[in-house]
Amino acid sequence: MSDKKPICLSGKGVTKVFGLGAKKTVAVDHVDFEFYQGDLISIVGESGSGKTTIAKMLLGLISVTEGEVSFLGKPRDISTHKKKKEYWTNIQAIFQDPFSSYNVFSKIDTVLIDCINMRGGKNFSKQKKIEMMTEACSFVNLKYAELTNKYPFELSGGQMQRLMIARIFLLKPKILLADEPTSMIDACSRATILDMLMQLRDEIGMTIIFITHDIGLAYYISDQVYIMEHGKIVENGTPDEVILNPKAEYTKRLISDVPKIYEEWDLSTV
Ligand SMILES: Nc1ncnc2c1ncn2[C@@H]1O[C@H](COP(=O)(O)OP(=O)(O)O)[C@@H](O)[C@H]1O
Ligand SMILES: [Mg+2]
């Protein structure tokens, strides 16, 4: 199904090397990928496999040592500040630690108004901006009236995570990169967060790149799965291809830590 959709983001031979000489770390090693518009793509691997490094390269926060990233079929050009800002209207991220995502000196209103401004709403009336902020907050079950004049650090972890999704609601990026966004919160909020992301995906056709070490979760939520080991993509495909019929030893090992998937599979073969 996926191959009928346009390619949103792709990479050829994408590599990141940190350091020099004896201190050299090849964090991402010649990876190829094709992400289709509207898909939820999971990148799965153990800690240290290079997931966050890929995320940072895709966001343009760190340089690519070798290889090329393409956006909407053309080589990505983020060589100037202006081009980078333009690119960032298309790709946004939410990170594992919501505390790290906010400027501590910005009030919640400022955080949200910045999003409206970024999407061309600079000249909207104050009333219009308040309406938009109220709508974004209610999308994530927060009350704007209770947040106005507060700072992000006055919120709970779960509320802060939802505020990040309210930002995405306003920014409406083509691509959302979510780097282990649910690993710091309880199972209940985790399901809610995933639900909100899926709803946004369906409403605005957003592509979601979901980074996780949880192969069981990836099985249930993904259209495409990429498995990373030591900076390399060892296999990729649909969840059924990759997780029910793994070819790489590494994938088999990741799955063996999650007995539930095997149970499902056993049931389906009865
Ligand atoms: N800024 C950096 N400088 C040097 N090495 C780094 C840097 N960032 C990440 N690494 C190394 O790159 C590898 C991949 O890290 P990372 O992308 O954070 O993995 P993951 O997100 O899968 O846990 C690790 O060996 C890590 O130590
Ligand atoms: Mg990481």
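For the structure itself, consult the block above.
Summarised in this report is the structure supplied together with it. (Residues numbered from 1 in each chain as written. Chains lettered and ligands numbered in written order. Predicted model: local features only at pLDDT ≥ 70, side-chain atom pairs only at ≥ 80, totals over all residues.)

A few points about the overall build of the chain
Consideration 1: Secondary structure assignment for the chain yields eleven helices and ten strands.
Consideration 2: Split into buried and exposed, the 270 residues of the chain put 36% on the buried side.
Consideration 3: Partitioning the contacts of the chain with sequence separation of at least 6, the portion at a separation of at least 24 is 69%. (Helix = DSSP H or I, 4+ residues; strand = E, 2+ residues; numbered from the N terminus. Buried ≥ 20, exposed ≤ 12 C-beta atoms within 10 Å, placed from the backbone. Contact = placed C-beta atoms within 7 Å.)

Describing the site of ligand 1
Consideration 1: Taken together, the residues surrounding ligand 1 are Phe18, Gly19, Thr25, Ala27, Gly45, Ser47, Gly48, Ser49, Gly50, Lys51, Thr52 and Thr53.
Consideration 2: Elements supplying a minimum of two residues to the shell around ligand 1: strand S2 (25-36) and helix H1 (51-59).
Consideration 3: The greatest single-element share of the shell around ligand 1, amounting to three residues, is contributed by H1.
Consideration 4: Looking at side-chain class alone, the shell around ligand 1 contains two nonpolar, nine polar and one charged residues. (Near = placed C-beta within 6 Å. Nonpolar A, V, L, I, M, F, W, Y, C, P; charged D, E, K, R; others polar.)

Quick notes on the pairing of strand S3 (residues 40-44)
Consideration 1: Most of S3 is tucked away: five of the five residues are buried.
Consideration 2: Of the two faces of S3, the one holding Leu40, Ser42 and Val44 and the one holding Ile41 and Ile43 are both buried throughout.

A closer look at the sheet that holds strand S10 (residues 232-237)
Consideration 1: If you trace the six strands from one edge of the open sheet to the other, you get S6-S7-S8-S3-S9-S10, paired in mixed fashion. Bordering the open sheet on either side are strand S6 (91-94) and S10, each of which pairs with just one other strand. With direction set aside, neighbouring strand axes in the sheet form an average angle of 20°.
Consideration 2: With four bridges joining them, S3 and strand S9 (residues 224-229) adopt parallel strand pairing. Bridge pairing in S9 links isoleucine 43 to tyrosine 226. (Pairing = 2+ DSSP bridges. Axes fitted to C-alpha atoms, helices over the stretch in contact; angles between N-to-C directions.)

Regarding the sheet that holds strand S5 (residues 74-75)
Pairing between sheet strands relies on hydrogen bonds along the backbone, with the strands arranged either parallel or antiparallel.
Consideration 1: Ordered by their spatial adjacency, four strands build an open sheet running S2-S1-S4-S5, and the pairing between neighbours is antiparallel. Two strands lie at the open edges of the sheet, namely S2 and S5, each paired on one side alone.
Consideration 2: For strand S1 (residues 7-18) and S2, the ladder comprises eight bridges, and the chain directions are antiparallel. The partner of glycine 11 across the bridge, within S2, is phenylalanine 33.
Consideration 3: Packed on one face of the sheet, H1 meets S1, S2 and strand S4 (66-71) and runs near 60° to S2.

A few points about the pairing of S9
Consideration 1: Of all six residues in S9, six are buried, a share of seventy percent or more.
Consideration 2: Side chains of S9 alternate between two faces, with Gln224, Tyr226 and Met228 and Val225, Ile227 and Glu229 buried alike.
Consideration 3: Summarising the sheet, S9 and S10 pair through five bridges and their orientation is antiparallel. The residue of S10 that forms the bridge with isoleucine 227 is glutamate 235.
Consideration 4: Counted between consecutive antiparallel strands, the loop separating S9 from S10 contains two residues, among which histidine 230 sits at a positive phi close to 45°.

Remarks on the nonpolar core
Consideration 1: Core analysis: the biggest nonpolar cluster contains 64 residues, and Leu112, Ala166, Leu177, Ala178 and Ile209 have the highest contact counts within it.
Consideration 2: Considering each element in turn, this core owes the most residues, eight residues, to helix H6 (residues 157-171).
Consideration 3: If we ignore the near neighbours within four places in the chain, the residues touching isoleucine 209 are Phe35, Ile41, Ile43, Ile175, Leu177 and Ala178. (Core = buried A, V, L, I, M, F, W, Y, C linked by C-beta atoms within 7 Å.)

Looking at unusual backbone geometry
Consideration 1: Even without being a glycine, asparagine 149 presents a positive backbone phi close to 75°.
Consideration 2: Structurally, the position occupied by asparagine 149 is in the loop between helix H5 (144-147) and H6.
Consideration 3: By the C-beta count within 10 Å, which is 9 here, asparagine 149 ends up exposed.
Consideration 4: For lysine 172, which is not a glycine, the phi torsion comes out positive at approximately 40°.
Consideration 5: Relative to the elements of secondary structure, lysine 172 occurs in the loop between H6 and strand S7 (175-179).
Consideration 6: Take lysine 172: there are 17 C-beta atoms within 10 Å of it, and that puts it in the partly exposed class.

On their own, these measurements won't tell you what the molecule is for.
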